[in-house]
Amino acid sequence: MILLHVIVGELEKMSGAGAAILYLELGYKHIIPLGFDHILFVLSLFLLSPKLKPVLWQATAFTIAHSVTLGLAMYHVINPPARIVEPLIALSILYVALENIFSPRLKPSRVGVVFLFGLVHGLGFAGSLGQLGLPPHSYLLSLVMFNAGVELGQITIILLAFFVLGYWFGEKSYYRPRIVVPYRWALPLSPFSGRCSD
């Protein structure tokens, strides 16, 4: 993170296009490889119904929600403390993972739940971006590009999950007992054991 602060200091010498590319890369890296907690959440969205259309609907709701709170937080309209946001992110991962285990099918209400959790995750993204900072001369553009990088990271996870799991195993009878249910054992490695990714 110290190196990133040095980079931000150099942004005053960069063009708007250069800053935009940098923040797109930083947003992507915030998910892959740094965002283990967010990777767990996106995988949880995918596992209940391992088809692209349902998970893309959920991902769209999640993106709209986290874009709203990320923007509001970066413009200092809202400023919830990290000690509240980080446990809520961890609980969102736990909730979705448990729903995958105990719910026999994807319910329409899932999109609304994901939207609410997206609002929380946006605050987590804002916490990380707030530590990094944004260049004053291209503040909005860099914010949008960081968010776009986050979205590209999420799409990458969804596509990888589909081609590794969904395409080959999604229709198999053993999909839930052998893939979805054992996934819960990954949760102790999530933010419950530490801070939200930053």
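Just so we're clear, the structure is a prediction, and the values are computed from it rather than from any experiment. Starting afresh in each chain, residues are numbered from 1 along the sequence in its written order. In keeping with the model being predicted, local features are shown solely for residues with a pLDDT of at least 70 and side-chain atom pairs are shown and tallied solely at 80 or more, while totals for entire chains, interfaces and linings include all residues. Only hydrogens and water are set aside; all other atoms, that is, all heavy atoms of the structure, feed into the side-chain values.

Undergrad: Pulling in residues and values, what's your account of the environment of Val-114?
TA: Going along the chain from the N terminus, every DSSP run of H or I of four or more residues is numbered as a helix, and every run of E of two or more is numbered as a strand. Position of Val-114 among the secondary structure elements: in helix H6 (residues 109–132). Look at Val-114 and you get buried, because its relative accessible area is 0%. Linking Val-114 and Thr-60, residues 54 residues apart in sequence, is a C-alpha distance of 9.4 Å. In this view, Val-114 contacts Leu-45, Gln-58 and Phe-62; residues no more than four positions away in its chain are not counted. Remark: exposure states derive from per-residue accessible area (1.4 Å probe, protein chains only) relative to the maximum for the residue type, with buried under 20%, exposed over 50%, and partly exposed in between. Two residues qualify as a contact provided that any one of their heavy atoms is within 4.5 Å of a heavy atom in the partner residue.

Undergrad: Tell me about the nonpolar core, residues and numbers included.
TA: Within the largest apolar cluster, 39 residues are counted, with the highest numbers of intra-cluster contacts made by Tyr-23, Phe-41, Phe-46, Leu-70, Met-74, Leu-129 and Phe-146. No other element matches H6, which puts eight residues into this core. Dropping the residues within four chain positions of it, Phe-46 is found in contact with Lys-51, Val-55, Ile-158, Ala-161, Phe-162, Leu-165, Gly-166 and Tyr-175. We call a set of buried Ala, Val, Leu, Ile, Met, Phe, Trp, Tyr and Cys residues a nonpolar core when their side-chain atoms join them within 4.5 Å.

Undergrad: Could you give an account of the packing of helix H5 (residues 82–102) against H6, naming the residues involved and the relevant values?
TA: Helix axes are fitted only over the stretch in contact, all axes being lines through C-alpha atoms; the angle between N-to-C directions runs from 0 to 180 degrees. Remark: H5 packs on H6, axes separated minimally by 9 Å, with the N-to-C direction vectors making an angle of 155°. Considering the angle they form, H5 stands roughly antiparallel to H6. Between H5 and H6 lies a crossing of left-handed hand. Between H5 and H6, the residues in contact are Val-85, Leu-88, Ile-89, Ser-92, Tyr-95, Val-96, Glu-99 and Asn-100 and Arg-110, Val-113, Phe-117, Val-120, His-121, Leu-123 and Gly-124, respectively. Tallied by class, the residues present in the contact of H5 with H6 amount to nine nonpolar, four polar and two charged. The scheme is simple: roughly parallel for angles under 35 degrees, roughly antiparallel for over 145, roughly perpendicular for 65 to 115, oblique for anything else. Throughout, a crossing is termed right-handed when the near helix is turned clockwise from the far one, and left-handed when it is turned anticlockwise from it by less than a right angle. Classification convention: Asp, Glu, Lys, Arg as charged; Ala, Val, Leu, Ile, Met, Phe, Trp, Tyr, Cys, Pro as nonpolar; all other residues, Gly among them, as polar.

Undergrad: Tell me about the packing of helix H4 (residues 52–74) against H6, and please be specific about residues and values.
TA: Where H4 meets H6, the axes come as close as 6 Å, and the angle between the chain directions of the two elements is 40°. One way to sum up the angle between H4 and H6 is to call them oblique. Considering the relative orientation of H4 and H6, their crossing is right-handed. In terms of residue class, the contact of H4 with H6 is built from 16 nonpolar, seven polar and one charged.

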